[in-house]
Protein chains: 2
Amino acid sequence: MSKHQTITIVGGGLVGSLCAIFLGNRDYDVHLFDRRRDMRLTGAERGRSINLALSHRGLRALEAAGVGAHIETIGIPMRGRMIHNTDGGTVFQPYGKEGEAIYSVSRGGLNELLLNVADRHPHVHFHFEERCHDVNLDAASAVFMRSDGTLHEVKADCLIGADGAYSAVRGVMQKQGRFNYEQFYLDHGYKELTIPAAPDGSWVVEKNALHIWPRGRYMFIALPNTDGSFTCTLFLPFKSNRADEPSFEDLDSEEAVMQFFRSSFPDAVPCMPNLVEEFFANPTSSLVTVRCSPWIHHDSAMLIGDAAHAIVPFYGQGMNAGFEDCRIFDELLTKHDDHWLEAMQEYNTVRKPNGDAIARLAMQNFVEMSERVADPMFLLRKKIEQRCQSLYPSAFQPVYSMVTFSHIPYSEALKEMERQDAVFERVLRLESIRERWNTPEGDAAVQAVLISAGYAV
Amino acid sequence: MSKHQTITIVGGGLVGSLCAIFLGNRDYDVHLFDRRRDMRLTGAERGRSINLALSHRGLRALEAAGVGAHIETIGIPMRGRMIHNTDGGTVFQPYGKEGEAIYSVSRGGLNELLLNVADRHPHVHFHFEERCHDVNLDAASAVFMRSDGTLHEVKADCLIGADGAYSAVRGVMQKQGRFNYEQFYLDHGYKELTIPAAPDGSWVVEKNALHIWPRGRYMFIALPNTDGSFTCTLFLPFKSNRADEPSFEDLDSEEAVMQFFRSSFPDAVPCMPNLVEEFFANPTSSLVTVRCSPWIHHDSAMLIGDAAHAIVPFYGQGMNAGFEDCRIFDELLTKHDDHWLEAMQEYNTVRKPNGDAIARLAMQNFVEMSERVADPMFLLRKKIEQRCQSLYPSAFQPVYSMVTFSHIPYSEALKEMERQDAVFERVLRLESIRERWNTPEGDAAVQAVLISAGYAV
C-alpha cells in the first residue's frame, strides 16, 4: 500500500483548515480550495452562522494539532446555562463540575486562526475563490472554477470533502450506486440577532453563561462575544400549526415582532435597541440534519465534518464533532503507518455510528433546551445528576458531561442517555424525592435505583 | 382557484400510463413523456424488473380507471406461497380466504395494455425518446432532450413526476429548501433468472403459486408467466460479512454458482438448464428505499408512484401503491371539484404516511419471506391467524390480508402489524398451543388473548 503524497481538501472552513494542519504536520502536500475569498482579507464572515460553543472534543483536537494554546484568547468560558423565565427572573444551571466550561468562540475568529496556522506550513497551499465544479472520485481529481469562470483540473492521491452541509463532493458520491443518504429539515428556522455591548464595552447580561429563554416550541439564546456583545439566535417554527403558536410567518410587521418579543422575552427587549431593524435585515435560515454512508470512496475520496454528518446546533457539537473527525483520522493514519486505505476504512467504521449518535443527541437536546429546562422536575433531575456525579465520580457521569466534557464516543453517550432516562424516571417517582434529594435518605434511595440499574455506585 | 387544463407527465411506465388514463378520463390535455422508445414497437422490456404481483389495490385502481376487465388475460392467479425446503420438500401456505389470489403479471405486458388504453383518449399525447433534462417547478414547465440532442421546453398547468425511483423531477425538488429526502440501499442485490416452460408449453412446477426458497439471509423466488415459464429472482447480499454466508461477490465462477444452487435450491437446479449462462449474462441490481417530503410543489408539480416512495419488492406492493396513488388523487380531484391545489394538498397529507408505512412493511416482509416462513412457530402463527380470520371475519384480519386483499390505508396495516405481533407473541406462549390450536379449547384460549388486546371477537 503506497503512502499518499498529495491531498486535495475541498472547503476551507473550520474543519477543512484543521484537517490541513493535521496533514501538513504529517508532511503531506496539501491543497486546500475554498469558493470564498480569503476571510483574512475580507474580515470575518458575519450573520450566517450560529455562534459556536467549543468544548472538550474540539479543544482536544486543537491541542493534538498544536493549536490549543491560542484558544483562550478568542473564547469566553460559559460555565452554565442562564435560564430566563417569562417573568424576567433567571436561574443559573452549572454545566459540569467546578471549573468545567464550554467556550463561546466566533466562527470567523477561529477560522482565521486556523488558516494562519496552516499557512505557516510550507506544504499547505491555499486556493481561494475556486468553486468545486466537478469531482472524479476514482481518480481523486476535482475540477475547480476560478472567479473568472475558467476551469482547471487538480489531481491528487486523495480528495477530502470538508465542504459542509451542502457538500459538492458528497453530491457526486450520492450519484454512485448504493450510497445511503438522508437530509431532514426541522420545522423550525433560526434568525440571528444581537445584544450590543454597553457604551463602556462591558456585557449587559452575565458574561460567563449561555443564556436561554426556553418557551416550549420555540426559544431564544445568547452567547457572549469578546467585544462585549452577545450573538443571539431565535429558534421558531417557519409556519405554525396552531393559532396560539407563534411562527416566523406571523412575524410580518414591526408591531408583531415587538409584541412577540415583549410577551415572550421581556427582559431581553431593553437590551436589543436594534431588534426590529435586525429582524427584517437578517435572513431566516433552515436547520438540516444530513446522514450518509459510506463516508469514503475506496482510498481516493472521503468526507469529514458537516459534509459527512450535518447536525442541528442544539448540543453545540457540530464543530466539535468535525474537529474530532480530524483528530481520529490523524490517529488512524499513525496507527496504520500512513496506509490510507486501512485508515479510511477504520475511520468510516468507527466514526459513522458516532455521527449518527450525535445527530440524534442534538435533535434530542432541542427538546431539552426548549421545553424541559423550564420544567421543575427536569431541574430536580439535573440537580440529582450532579449530586450523583460528585458522590460517585468514577461510576456515574451525566450524559451532557459525557458529550461535552469527555471524548467517550457519541454512540456510547447515546446509549447512556437511554439508560439514564429510564433510571431517572424511577428516581423522580421515589417518595418525597423533592424534599429528600439532598439528604442521606435521599442519597440512599437514589443509590439503590442506580445499583439495580447496574451502576457500580 | 382555476381548473388546470394541461398536464405534463414525466415517465410512461406503469404509474405514469395509468395516471394519463385517469386524467384523460377527466378530459385534461395530457402530455406524457418517456425517455425510452415506445415499448409497443420494440417489444416488452425484459431482464430489468422483478415480476409483478398485482393485488387488490392495483386491481381496484385499474377498475376505477376502466381498465379492470382486461386483466385476467395477462395475469396468472397465485393462491399462496409454495415453500421449498432444503431437502426439496414443499409446503403450500394459502394467502387468504378461499378464492383470494394475487396475480403474476408481466411488467411489459401490463404497460403495453395501459399505453394502448391511454392512446385511445383524444386528449392524451405520447412523446417517446424524450428525456427530462430540466424542470421549472414554479412554472410547471420542463425541458426535454430529443434523441438527436435538441432541447425543447414544454409548459403546462401541472407537472407530474411519475419517473420512478431515480426521478429527475424529485431531483430538482431536492435542491429546493427544506425538502426532506432519504435513499437507503439494502445490503442485498437481486438477479433475475428463468425456469423455462416444458417442451409442451406447460409449467414445470405448480403454476398457481408464488414459489419461495427461504434460506435465512437470502432467498430465491419464482413467479409464473403466461407462456409456461417462471421469472425467478435471487436475493443475496452483495458482500458477505461472514465466511459461511454466500454473496454475489463469492459467486464468481461457474463452479461456485452451481455448487451454491445445488446446495441451497437443489430442486430448482434441474428446472434451470440455462442457469450459469443467465447468471453471468444478467445484471446484479440493487434494492433502494426512497422517502421524501413533500410530494407536491404548490399546485404546479407533484410526485406519484416510485418517484414519491420507492420501496423494496418484498410485499409485492410497489406497483399497487403507485396505482393507488393514482386512484386516490383522482377521487380527490372529484372531491375538490378539480381544484388542483386542494386536491394536491390533501393527496400529500393523506398519502405520505401511507408511503412511509408500506416502505416499512415491505422491509419487514423481507424478514418474513427469507427467515420466518421456514420457522415452525411462524407457520403455526399463520395457521392460527387464518383460523381467527375464519372464526371472526368481521373482527380479525391478518396484516398480510389487509395489505394485499383490502384498501385499508397502509398506515393502519402497519399499526395493526405491531398490535398483532404483540398478540401472537402471547398466543404462541399459550400452554400446548401446538397441539391445541385447532381445538375448541385452543380457540377459547386464543379468543381470551384477542379479547384482552381489544379485539371484539
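Residues numbered from 1 in each chain as written. Chains lettered and ligands numbered in written order. Predicted model: local features only at pLDDT ≥ 70, side-chain atom pairs only at ≥ 80, totals over all residues. Heavy atoms only, no water.

## Things to note about the interface of chain A and chain B
Then step 1. In this complex, chain A contributes 13 residues to the contact, which on the side of chain B involves 13 residues.
Then step 2. Taken as a group, Arg178(A), Gln183(A) and Tyr185(A) account for 47% of the area that chain A buries against chain B, more than any other trio of residues on that side.
Then step 3. Taken together, chain A and chain B are joined by seven residue pairs in polar contact (both at pLDDT 80 or more).
Then step 4. Sort the elements by how many residues they give to the side of chain A that touches chain B and strand β13 (residues 180–195) of chain A lands first, with eight residues.
Then step 5. Split into classes, the residues belonging to the side of chain A that touches chain B amount to six nonpolar, four polar and three charged.
Then step 6. Here β13(A) runs beside strand β13 (residues 180–195) of chain B; their pairing, made up of three bridges, is antiparallel. (Contact = heavy atoms within 4.5 Å. Buried area = accessible area lost by both parts, 1.4 Å probe. Polar contact = N/O pair within 3.5 Å; in protein donor to acceptor, adjacent residues only side chain to side chain. Helix = DSSP H or I, 4+ residues; strand = E, 2+ residues; numbered from the N terminus. Nonpolar A, V, L, I, M, F, W, Y, C, P; charged D, E, K, R; others polar. Pairing = 2+ DSSP bridges.)

## Focus: the environment of Ala162(B)
Residues and elements named next belong to chain B.
Then step 1. Tracing the backbone shows Ala162 in the loop between β12 (158–161) and α5 (168–174).
Then step 2. Residue Ala162 is classed as buried on the basis of its relative accessible area, which comes to 11%.
Then step 3. Here the alpha-carbon distance between Ala162 and Met402, two residues 240 residues apart in the chain, equals 26 Å.
Then step 4. Those residues in contact with Ala162 that sit more than four places away from it in its chain are Ile9, Val10, Gly11, Gly16 and Ile304. (Buried < 20%, exposed > 50% of the residue type's maximum accessible area, 1.4 Å probe, protein only.)

## What about the packing of helix α11 (residues 376–391) of chain B against helix α15 (residues 440–452) of chain B?
The packing of two helices is summarised by the inter-axis angle and the distance between the axes.
Residue and element names in this part refer to chain B.
Then step 1. At their nearest, the axes of α11 and α15 sit 12 Å apart, and the two run at 80° to each other. Relative to α15, α11 is oriented roughly perpendicular. Contact residues: α11 offers Ile384, Arg387, Cys388 and Leu391, while α15 offers Asp443, Val446 and Leu450.
Then step 2. Here the residues of the contact of α11 with α15 sort into five nonpolar, no polar and two charged. (Axes fitted to C-alpha atoms, helices over the stretch in contact; angles between N-to-C directions. Parallel < 35°, antiparallel > 145°, perpendicular 65-115°, else oblique.)

## Things to note about the relation of the copies chain A and chain B
Two copies of the chain are present, and they differ by a rotation about an axis and a shift along that axis.
Then step 1. Expressed as a screw operation, the relation of chain A to chain B combines 0.0 Å of axial shift with a rotation of 180°, fitting to an RMSD of 0.0 Å. Viewed as a symmetry operation, the transformation between the two copies matches a two-fold axis. Among all residues of chain A, the one whose C-alpha sits closest to the rotation axis is Glu182(A), at a distance of 2.0 Å. (Least-squares fit on C-alpha atoms with pLDDT ≥ 70 in both.)

## Let's talk about the sheet that holds strand β19 (residues 301–303) of chain B
Residues and elements named next belong to chain B.
Then step 1. If you walk across this open sheet you meet the six strands as β8-β2-β1-β12-β19-β18, and the pairing is mixed. The open sheet has two edge strands with one neighbour each: β8 (124–127) and β18 (296–297).
Then step 2. Sitting on the sheet, helix α1 (residues 14–25) is in contact with β1 (6–10), β2 (29–33), β8 and β12, with an inclination near 170° to β2.

## Brief notes about the domain arrangement of chain A
All names here are of chain A.
Then step 1. Taken domain by domain, chain A holds domain 1 (6–73 + 106–182 + 288–365), domain 2 (184–286) and domain 3 (375–452).
Then step 2. Among the residues of domain 1 in contact with domain 3, Arg57, Tyr315 and Leu361 are the three that bury the most area, contributing 39% of the side total.
Then step 3. Run the count over domain 1 and domain 3 and you get one salt bridge.
Then step 4. For Glu418, the salt bridge goes to Arg360, with nearest N and O atoms at 3.3 Å.
Then step 5. On the surface where domain 1 and domain 3 come into contact, there are 11 residue pairs in polar contact (both at pLDDT 80 or more).
Then step 6. Contributions of two or more residues to the side of domain 1 that touches domain 3 are made by α3 (56–64), α9 (318–335) and α10 (340–370).
Then step 7. Sort the elements by how many residues they give to the side of domain 1 that touches domain 3 and α10 lands first, with nine residues.
Then step 8. Classifying every residue of the side of domain 1 that touches domain 3 by side-chain character gives six nonpolar, seven polar and six charged. (Domains from an automatic or database assignment. Salt bridge = Lys/Arg side-chain N within 4 Å of Asp/Glu carboxyl O.)

## Some remarks on helix α3 (residues 56–64) of chain B
Turn by turn, an α-helix covers 3.6 residues, leaving residues three or four places apart pointing in a common direction.
Then step 1. Residues of α3(B) that are buried: Arg57(B), Gly58(B), Leu59(B), Ala61(B) and Leu62(B).
Then step 2. After α3(B) finishes, the residue Gly66(B) shows a positive phi value of roughly 85°.

## Description of the packing of aromatic side chains
Then step 1. If you walk through the whole model with that rule in mind, you get 51 aromatic pairs over all chains.
Then step 2. When the ring of Tyr28(A) is compared with that of Trp340(A), the centres are 5.5 Å apart and the planes differ by 90°; the resulting orientation is edge-to-face. Placement of Tyr28(A) in the loop between α1 (14–25) and β2 (29–33) and of Trp340(A) in helix α10 is noted, with a sequence separation of 312 residues between them.
Then step 3. Classification of Tyr28(A) as buried rests on a relative accessible area of 1%.
Then step 4. Members of the aromatic cluster, joined through ring pairs, are Trp213(A), Tyr218(A), Phe220(A), Phe260(A), Phe261(A) and Phe265(A).
Then step 5. Over the aromatic face of Phe238(A) sits the side chain of Arg178(B), whose NZ or CZ is 3.5 Å from the ring centroid.
Then step 6. Of note, Lys191(B) hangs over the ring of Phe279(B), and the distance from its end group to the ring centre comes to 4.7 Å. (Phe/Tyr/Trp six-rings, centres within 6.5 Å; stacked < 30°, edge-to-face > 60°. Lys NZ or Arg CZ within 6 Å of the ring centre and 35° of its normal.)

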